[in-house]
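Breakdown of the fold
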Amino acid sequence: MGRYSELSSSDHFPIKITLYYTTPYEIHTRNSKWSLSNADWNIFQTEFEKSLINSSFPNENTVDENIEHFSKLIYDAASNTFEKHSYSGKRPPVPRWNKNIKHAIRNKKTSFNKFKCIKQIQDFIDFKKNKAQVRFLIKNGKKIMDTFHLNTKFKRISYKVKIIKGIPSIQIKTILADNAIHTNPHSIAQSIGQHFYSNSSNANLDPDFLRHKKGTETNNYPFIYKNKSLGDILNEPITICELNSGLLGKKSNSCGSDKIPFIFLQNLPPSVNLLLLKLKTIKK
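Residues numbered from 1 in each chain as written. Predicted model: local features only at pLDDT ≥ 70, side-chain atom pairs only at ≥ 80, totals over all residues. Heavy atoms only, no water.

The helix and strand tally for the chain stands at twelve helices and four strands. Here the chain holds 284 residues, and 19% of them are scored as buried. For the chain, long-range pairs separated by at least 24 residues make up 62% of all intrachain contacts whose partners lie at least 6 apart in sequence. If you sum the accessible surface of the chain, you get close to 23,400 Å²; carbon and sulfur atoms cover 55% of it. (Helix = DSSP H or I, 4+ residues; strand = E, 2+ residues; numbered from the N terminus. Buried < 20%, exposed > 50% of the residue type's maximum accessible area, 1.4 Å probe, protein only. Contact = heavy atoms within 4.5 Å. Areas by Shrake-Rupley, 256 points an atom, 1.4 Å probe, with all protein chains shown as cover.)

Shown next, in the form of structure tokens:
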């Protein structure tokens, strides 16, 4: 210390280290998801009706405020009825994934659900076969990806990618159409398209069937188009039948920005659909 009492006379300058503390909760966050496997929608409807009676909805606020209030009523009723569990989210798709693996997994799930409901030995055998098929396809895809390395040529990579995507390696190079040989890819595509267009045209139909087809299309033309333009029809208010038709036949448990899945709207009390229709048709 006596020899190097001054910082400028020392041959060991200190190193400045800055530590940035980060809260682990800000990095490792998990998404929340509604537990709807054994949902009791009657309780949900009762809770929503209670919340609706105790609230001053609808009121004279703006449309956005009414929609936000309506969404809050649904969310509060769901919170009092259903539980939530956290999940890390779906894994990003890996390069080896393709349509064959996707369809194989779908078949495996379908056969498993069928076996779970019916419990037949043949359904169990089908499930085991589909499960083995999924393992085989995934393992085969991994083998293809493991063949890539730093010095792999681009031509070989393109060939492997085509195999993964299911693109045939043997493509049409020449085609004979209209007494001419086509080698240009654009001309080949045009010739094939023209061939399918000709096969599906009205010229191939029987004259009697063609007259019946034209008469049916003319007589069954929607009556709403006779006295109204398309713009008038699109600007008409939404009816309760259209709302019910839009709610039916849809299946989704994914939440939007309001954290409400579509299935909550489908299971609202029937009397609330008129209120929902009013929110959808009111002008801002």
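Our focus in this paragraph is the pattern of salt bridges. On inspection of all chains with the given rule, the structure shows three salt bridges. Linking Asp76 and Lys72 is a salt bridge whose minimum nitrogen-to-oxygen distance equals 2.9 Å. Here Asp76 and its partner Lys72 are both found in helix H3 (residues 63-81), four residues apart, which amounts to about one turn of the helix. Here Asp123 makes a salt bridge to Lys114, at a shortest N to O gap of 3.8 Å. (Salt bridge = Lys/Arg side-chain N within 4 Å of Asp/Glu carboxyl O.)

This part covers the confidence of the model for the chain. Per-residue confidence for the chain gives a mean pLDDT of 77; residues scoring 70 or more make up 73%. At the low end of the mean pLDDT range in the chain sits helix H1 (residues 24-27), at 51; at the high end sits helix H4 (residues 99-118), at 88. (pLDDT = per-residue confidence, 0-100.)

We now examine the nonpolar core. With 23 residues, the main nonpolar core has Phe44, Phe48, Phe70, Ile74, Phe82 and Phe264 as its most contacted residues. Apart from the residues within four sequence positions on either side, Phe82 is in contact with Trp34, Ser35, Leu36, Ala39, Asp40, Trp41, Phe44 and Phe264. In this structure, Ile101, Ala104, Val134 and Leu137 belong to the second largest nonpolar core, which totals six residues. (Core = buried A, V, L, I, M, F, W, Y, C linked by side-chain atoms within 4.5 Å.)

This paragraph deals with the environment of Ala78. In this structure, Ala78 sits in helix H3. Among residues more than four places away in sequence, those in contact with Ala78 are Trp34, Phe44 and Phe264.

With respect to the helices and strands, Leu265 occurs in helix H11 (residues 262-266). Given the relative accessible area of 22%, Leu265 is considered partly exposed. Between the C-alpha atom of Leu265 and that of Ile74, which follows or precedes it by 191 residues, the distance is 8.5 Å.

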